[in-house]
Amino acid sequence: MELISGISIWIIPVLIGFILIYGTIKKVPTYESFVEGGKEGIKIAVSIIPFLVGMLVAITVFRASGALEYMMDWIRPGLEAIGIPPEIVPLAIIRPISGTAALGMTSDLIATHGPDSFVGRLASVLQGSTDTTFYVLTVYFGAVGIRKMGDALKVGLWADLVGIIVSIFVVMFIFGTN
C-alpha cells in the first residue's frame, strides 16, 4: 500500500519534469508554450460562458416549473411495477444535461436513502455509467463553432440510455432490489 501511495504522490511531478526535459531536448520553448496554452485556455473558458448560462437556466426552469414532478407522477406506477425506484428518474434525466446537478441529486439520494441502499447504489453506478452529453455537445462543440451535431447527439443519448439500463440491471443483479 505504501508503494502505491508513494507512486501516486510522485506521478504528476515526474510527468511534468519529463515533459519539460523532453521539450528542452527537442528545443521547444517550453515556458512560452505553457504561457500560450494558458492564454488559449482562458479564451476558451470565456467563450463557453454563454453556453453554460443557457444550459443552467434551462435546467432551473425545468425543475422550478414543476414539469419534472408532473412527469414523475405520471410514470411512477409503471416504474414501481418493474422494481425501479422512481427517485432515480430525475437523476437519469438530469445526468445527460449537467454533471453538477446530477452530483447534487446523487448526494441527496445517498443522504436520504443511505449509501448501501438500493437507491444509493443505483445512483452511484448510474452517475459513473453515463455522461453529460448535452454539456459536452454544448460546451465543446459550441467552443469550436460546430453547429451540426445531430449524429453526435443521437449517439450520446443512446449511450446514456444504455448506461442507465445497464446500471439498473447490474445493481439489481449484484445487490438485489432491496
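An account of the accompanying structure is given in this report. The shown structure was predicted, so the numbers you read here are calculated from the model rather than taken from an experiment. Within each chain, residue numbers correspond to sequence positions counted from 1 in written order. In keeping with the predicted nature of the model, local features appear solely for residues at pLDDT of at least 70, side-chain atom pairs appear and are counted solely at 80 or more, and the whole-chain, interface and lining totals rest on all residues. Here the side-chain values reflect all heavy atoms present in the structure, with hydrogen atoms and water set aside.

## A word on helix 5 (residues 99–113)
Then comes step 1: Its 15 residues give helix 5 an end-to-end C-alpha distance of 21 Å, which sits within 8% of 21 Å, the value for a rise of 1.5 Å per residue.
Then comes step 2: Of all the positions in helix 5, only Ala101, Ala102, Met105, Thr106 and Leu109 are classed as buried. End-on, the buried residues of helix 5 take up no more than an arc of 140°, which puts them together on one face. More than 90 degrees from the buried face of helix 5, the exposed residues found are Thr100, Asp108 and Ala111.
Then comes step 3: Contacts between residues were defined by any pair of non-hydrogen atoms, one from each residue, lying within 4.5 Å. Only runs of H or I of at least four residues qualify as helices and only runs of E of at least two qualify as strands under DSSP, and these elements are numbered from the N terminus. Tucked into the core, helix 5 has its buried residues touching helix 2 (30–64), helix 3 (67–81), helix 4 (89–94) and helix 6 (118–129). One less than the number of residues in a helix, times 1.5 Å, gives the span that helix is expected to have. Only protein chains enter the accessibility calculation, which uses a 1.4 Å probe; a residue is then buried when its area is under 20% of its type maximum, exposed when over 50%, and partly exposed in between. Think of the arc as the fan of directions from the helix axis to the C-beta atoms.

## Remarks on the pattern of salt bridges
Then comes step 1: Take a side-chain nitrogen of Lys or Arg and a carboxyl oxygen of Asp or Glu: if they are within 4 Å of each other, that pair is a salt bridge. Across all of its chains, the model carries three salt bridges by this definition.
Then comes step 2: The partner of glutamate 36 in a salt bridge is lysine 39, with the nearest N and O atoms 3.6 Å apart. Within this pair, glutamate 36 and its partner lysine 39 are both found in helix 2, separated by three residues, close to a single helical turn.
Then comes step 3: The shortest N-O distance in the salt bridge between aspartate 116 and arginine 121 comes to 3.9 Å.
Then comes step 4: Owing to a relative accessible area of 24%, arginine 121 belongs among the partly exposed residues under this scheme.

## Here we look at the packing of helix 2 against helix 7 (residues 133–144)
Then comes step 1: To define axes, lines are fitted to C-alpha atoms, for helices over the stretch in contact only, and angles between the resulting N-to-C directions are given on a 0 to 180 degree scale. Where helix 2 contacts helix 7, the two axes come as close as 9 Å, and the packing angle between them is 140°. As summarised for this structure, helix 2 and helix 7 are arranged oblique, according to the angle between their axes. Here the hand of the crossing between helix 2 and helix 7 comes out right-handed. On helix 7, the residues that touch Ile44, Ser47, Ile48, Phe51, Leu52 and Met55 of helix 2 are Phe134, Tyr135, Thr138, Val139, Gly142 and Ala143.
Then comes step 2: Residues are sorted three ways: Asp, Glu, Lys and Arg are charged, Ala, Val, Leu, Ile, Met, Phe, Trp, Tyr, Cys and Pro are nonpolar, and all the rest, Gly among them, are polar. The class makeup of the residues in the contact of helix 2 with helix 7 is nine nonpolar, three polar and no charged. The scheme is simple: roughly parallel for angles under 35 degrees, roughly antiparallel for over 145, roughly perpendicular for 65 to 115, oblique for anything else. Whether a crossing is left-handed or right-handed is set by the direction in which the near helix is turned from the far one by less than a right angle, anticlockwise for left-handed and clockwise for right-handed.

## Re the layout of surface pockets
Then comes step 1: Of the two site types, the cavity is a set of points on a 1 Å grid over the protein atoms alone where a 1.4 Å probe fits but cannot get out, and the pocket is an open set with protein on both sides within 12 Å along at least five of seven lines, each lined by residues with an atom within 4 Å of a point. Grid points are joined across faces, edges and corners, and a volume is the space filled by probe spheres set on the points. Size it by volume and the largest pocket reaches roughly 340 Å³.
Then comes step 2: Top contributing element to the lining of the largest pocket by residue count: helix 8 (residues 150–175), with eight residues.
Then comes step 3: Its residues assigned to classes, the lining of the largest pocket comprises 18 nonpolar, no polar and one charged.

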